[in-house]
Amino acid sequence: MPLIDPDRIATILRETAAEEVLPRWRNLGDADVLEKAGPDDLVTVADRATEVVLTRRLAEALPGSQVVGEEAAHADPQVLTRLENAGPTWVIDPIDGTSAFAKGSDEYAVMVGLVDDGALIAGFIYQPVADVLLLGEHGGGVWLWDRSGRRRLAPPDCGASLKTYSGITGRKLMTEAVRQRLEAARTEFSAVSNSVCAGIDYVHMLTGGAQFALYMKSEPWDHLPGLALARELGFHYAKHDGTPYRPGDNTGGLLIAPDAATWTAIHALVLA
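Right, let's walk through the structure included here. Just so it is clear, the model here is predicted, and its values are computed rather than measured.

Some words on the sheet that holds strand β9 (residues 149–152)
(1) Moving on: Pairing is mixed across the open sheet formed by 7 strands, whose spatial order is β3-β4-β5-β6-β7-β8-β9. Taken across any chain shown, the strands that pair with only one partner, and hence form the sheet edges, are β3 (66–69) and β9. Within the sheet, the average angular offset between the axes of one strand and its neighbour, ignoring direction, is 15°.
(2) Moving on: Pairing of strand β4 (residues 88–96) with strand β5 (residues 109–116), which is carried by 7 bridges, proceeds in the antiparallel orientation. Pairing of V91 across the sheet is with G113, part of β5.
(3) Moving on: Seen against the sheet, helix α2 (residues 45–61) touches β3, β4 and β5 and runs at an angle of roughly 155° to β4.
(4) Moving on: Sheet strands touched by helix α6 (residues 198–206): β4, β5, β6 (119–127) and β7 (132–137). Its angle to β6, the strand with the most contacts, is close to 100°.

Below, the structure written as structure tokens:
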């Protein structure tokens, strides 16, 4: 029996965004935006309120589940250890792209992933302004809901050459060695663009706008929702050294590609 009803979780995300996120978008006062680790790491009243509501509603939707929220983990790093426990655990990024949200940009998303006994079960990425929702459950496919309706996404159509591929790169914390290799490899791809935020990047990639992504950071709330969807579509992902990326492991970076052979080819160009 499935753990969850994906449509119910989708409704929870949409309703919470309508109640807690959109009313505060472009309506924040100076006191509503705070720094966490520095000027590039912000939290707003909308982040905190959204996480509180999602924590309650998701726990109610799946009795006995635990929750790991970005803001809760920032306040108490021990929260992350819940991902090591048996049983289902929700992972919440209340607003991915908080800096953009605080500036009034529409390039942000509300994201939720579900992990059970260390395995990725489901992912949900909702872009409130565009009203675009990407959702999927293990064994149930990946679906895109937008203003034109709902459609199931097909696995990526891998091209014959990397020169037909475009990629997304997260430049934050990128080492000089990787930066130089990436620059040298640019001509091997059709295009390489900078990351916006995970909630924008994954939707772009999984709907065919890009074919691979390279990140230096791998916090669970940024990546588990998107990786659950990517895995369901057949993408291959691993840490930079080729070892598996596990829920709760935020070290070693991430490379995501349509299949293992493509992952190996991109890795040889940029990371080997």
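With respect to the nonpolar core
(1) Moving on: Among the nonpolar cores identified, the biggest contains 36 residues, and L134, Y202, M205, L206, L227 and I256 are the most heavily contacted of them.
(2) Moving on: Of all the elements in the fold, those that place two or more residues in this core are β5, β6, β7, β8 (141–146), α6, β12 (212–215), α7 (220–232) and β14 (254–257).
(3) Moving on: Element by element, the count of residues in this core is highest for α7, at 6 residues.
(4) Moving on: With near-sequence residues (within four places) excluded, M205 lies in contact with I168, A210, Q211, F212, A213, F235 and I256.

Considering unusual backbone geometry
Glycine aside, a negative phi is what most residues show, and trans is what most peptide bonds show.
(1) Moving on: Phi at D117 is positive, roughly 55°, even though this residue is not glycine.
(2) Moving on: The residue D117 is located in the loop between β5 and β6 in this model.
(3) Moving on: On the accessibility criterion, D117 (52% relative accessible area) is exposed.
(4) Moving on: Of note, D131 is a non-glycine position whose phi angle comes to about 55°, a positive value.
(5) Moving on: Summarising the element assignment, D131 is placed in the loop between β6 and β7.

Considerations on the packing of helix α1 (residues 6–21) against α2
(1) Moving on: Running from amino to carboxyl end, α1 crosses α2 at an angle of 155°, the nearest separation of the two axes being 10 Å. The pairing of α1 with α2 is recorded here as roughly antiparallel in orientation. For the crossing formed where α1 meets α2, the hand is right-handed. Contacts from R8, I9, I12, L13, E15, T16, E20 and V21 of α1 reach α2 at A46, A49, T50, V53, L54, R57, L58, E60 and A61.
(2) Moving on: Of the residues contributing to the contact of α1 with α2, the split by class is 10 nonpolar, 2 polar and 5 charged.

A word on the environment of D222
(1) Moving on: Within the secondary structure, D222 is located in helix α7.
(2) Moving on: Linking D222 and V91, residues 131 residues apart in sequence, is a C-alpha distance of 9.2 Å.
(3) Moving on: Residues contacting D222, with those up to four places away along its chain left out, are D93, D96, M111, A198 and Y202.

Cut-offs applied
Residues numbered from 1 in each chain as written. Predicted model: local features only at pLDDT ≥ 70, side-chain atom pairs only at ≥ 80, totals over all residues. Heavy atoms only, no water. Pairing = 2+ DSSP bridges. Helix = DSSP H or I, 4+ residues; strand = E, 2+ residues; numbered from the N terminus. Axes fitted to C-alpha atoms, helices over the stretch in contact; angles between N-to-C directions. Contact = heavy atoms within 4.5 Å. Core = buried A, V, L, I, M, F, W, Y, C linked by side-chain atoms within 4.5 Å. Buried < 20%, exposed > 50% of the residue type's maximum accessible area, 1.4 Å probe, protein only. Parallel < 35°, antiparallel > 145°, perpendicular 65-115°, else oblique. Left-handed = near helix turned anticlockwise from the far one by under 90°. Nonpolar A, V, L, I, M, F, W, Y, C, P; charged D, E, K, R; others polar.

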